[in-house]
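# A look at the structure
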Amino acid sequence: NLVRGSDTQTEFCLEAGLMPKMRLLINHEKKNVRKEAAWVLSNIAAGTPAQIGQVLSSGRMQDVLSLSLEAVWEIRMECIWVLNNIAYGGSDEQVASLVSLGAIPSLVTALDMNETKMTIVALEALESILEVGDRQGDEYVSFLDESNG
């Protein structure tokens, strides 16, 4: 994974034009390529606020959200990590953007994965989202209710 290193190494990859290439990779016909692409996005989303912003503005979040609901387990898991990393490490504005894109239903669905680690990851992301909602005066709890969470 190219962006497994430091934030500086990740930034170098981003400056070299990685994000435009992610469109092809996250939608690739081969399952393993999609999984690795989601892992790359997850690692970028675990970076600096600016790097999280690049993930959010890349146009790939709809792909991530779709895959988090519909893909095979391995890909869904990586996509849930993308959401968790943004929810946990993003600014309040970035978390609000994540919610507006529709992340809550994906995280709620992850609670049914029968995988303890992913349940914890999804719960941590939801907790962070709810905390941001409280700080901003937004009722994100209603999104949980709408998602049967």
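Residues numbered from 1 in each chain as written. Predicted model: local features only at pLDDT ≥ 70, side-chain atom pairs only at ≥ 80, totals over all residues. Heavy atoms only, no water.

## Description of a negative patch on the surface
Our working rule: Each patch groups residues whose relative accessible area exceeds 30% and which form no salt bridge, using 9 Å between like charges and 5 Å between nonpolar side chains of Val, Leu, Ile, Met, Phe, Trp and Tyr. All accessibility values rest on the Shrake-Rupley procedure with a 1.4 Å probe; residue burial counts only the protein chains present in the view. Any carboxyl oxygen of Asp or Glu within 4 Å of a side-chain nitrogen of Lys or Arg constitutes a salt bridge here. Think of it this way: Lys and Arg go in the positive column, Asp and Glu in the negative one, and His and the chain ends go nowhere. For this purpose, a charge sits on NZ of Lys, CZ of Arg, CG of Asp or CD of Glu. Runs of E in the DSSP output that reach at least two residues are strands. Runs of H or I that reach at least four are helices, and both are numbered from the N terminus.
A contiguous patch of negative charge, built from Glu127, Glu131, Asp134, Asp138 and Glu139, is present on the exposed surface. In this structure, glutamate 127 sits in helix 9 (residues 116-136).

## Examining the pattern of salt bridges
Oppositely charged side chains may form a pair once their charged atoms are brought near each other. For the record, the criterion: Classification of residues uses two cut-offs on accessible area relative to the type maximum, computed with a 1.4 Å probe and protein chains only: under 20% is buried, over 50% is exposed, and between them is partly exposed.
For the structure shown, the criterion picks out three salt bridges. Between aspartate 63 and arginine 60 there is a salt bridge, with the nearest N and O atoms lying 2.7 Å from each other. Using a relative accessible area of 16% as the deciding quantity, one classes aspartate 63 as buried. Where arginine 135 meets aspartate 92, a salt bridge forms, and the shortest distance between an N and an O atom there is 2.7 Å. Note that arginine 135 is positioned in helix 9 and aspartate 92 in helix 7 (residues 92-101), a separation of 43 residues in sequence. The exposure class assigned to arginine 135 is exposed, which follows from its relative accessible area of 54%.

## With respect to helix 3 (residues 31-45)
Owing to its 3.6 residues per turn, the α-helix aligns residues three or four sequence positions apart on the same side. Rule in force here: The span expected for a helix works out to 1.5 Å for each residue beyond the first. The contact definition used throughout considers only heavy atoms, calling two residues in contact when any of these lie within 4.5 Å.
Look at helix 3: 21 Å from first C-alpha to last across 15 residues, which is about the 21 Å you get at 1.5 Å a residue. Along helix 3, the positions that sit buried rather than exposed are Arg34, Lys35, Ala37, Ala38, Val40, Leu41, Ser42, Asn43, Ile44 and Ala45. In this structure, the buried residues of helix 3 make contact with helix 1 (7-15), helix 2 (18-26), helix 4 (49-57), helix 5 (61-70) and helix 6 (73-89).

## Some thoughts on the packing of helix 7 against helix 9
How we decide: Axis definition: a line fitted to C-alpha atoms, limited for helices to the stretch in contact. Angles are taken between N-to-C directions and run from 0 to 180 degrees. An angle counts as roughly parallel when it lies under 35 degrees, as roughly antiparallel when it exceeds 145, as roughly perpendicular when it falls between 65 and 115, and as oblique in every other case. Whether a crossing is left-handed or right-handed is set by the direction in which the near helix is turned from the far one by less than a right angle, anticlockwise for left-handed and clockwise for right-handed. All amino acids are sorted into three groups, where Ala, Val, Leu, Ile, Met, Phe, Trp, Tyr, Cys and Pro are nonpolar, Asp, Glu, Lys and Arg are charged, and the leftover types, Gly among them, are polar.
It is the contact of helix 7 with helix 9, at a shortest axis distance of 10 Å, that shows an interaxial angle of 110°. Relative to helix 9, helix 7 is oriented roughly perpendicular. Both helix 7 and helix 9 take part in a crossing whose hand is left-handed. Residue-level contacts link Asp92, Glu93, Val95, Ala96 and Val99 of helix 7 to Ile129, Val132, Arg135 and Gln136 of helix 9. Of the residues that constitute the contact of helix 7 with helix 9, the class distribution is five nonpolar, one polar and three charged.

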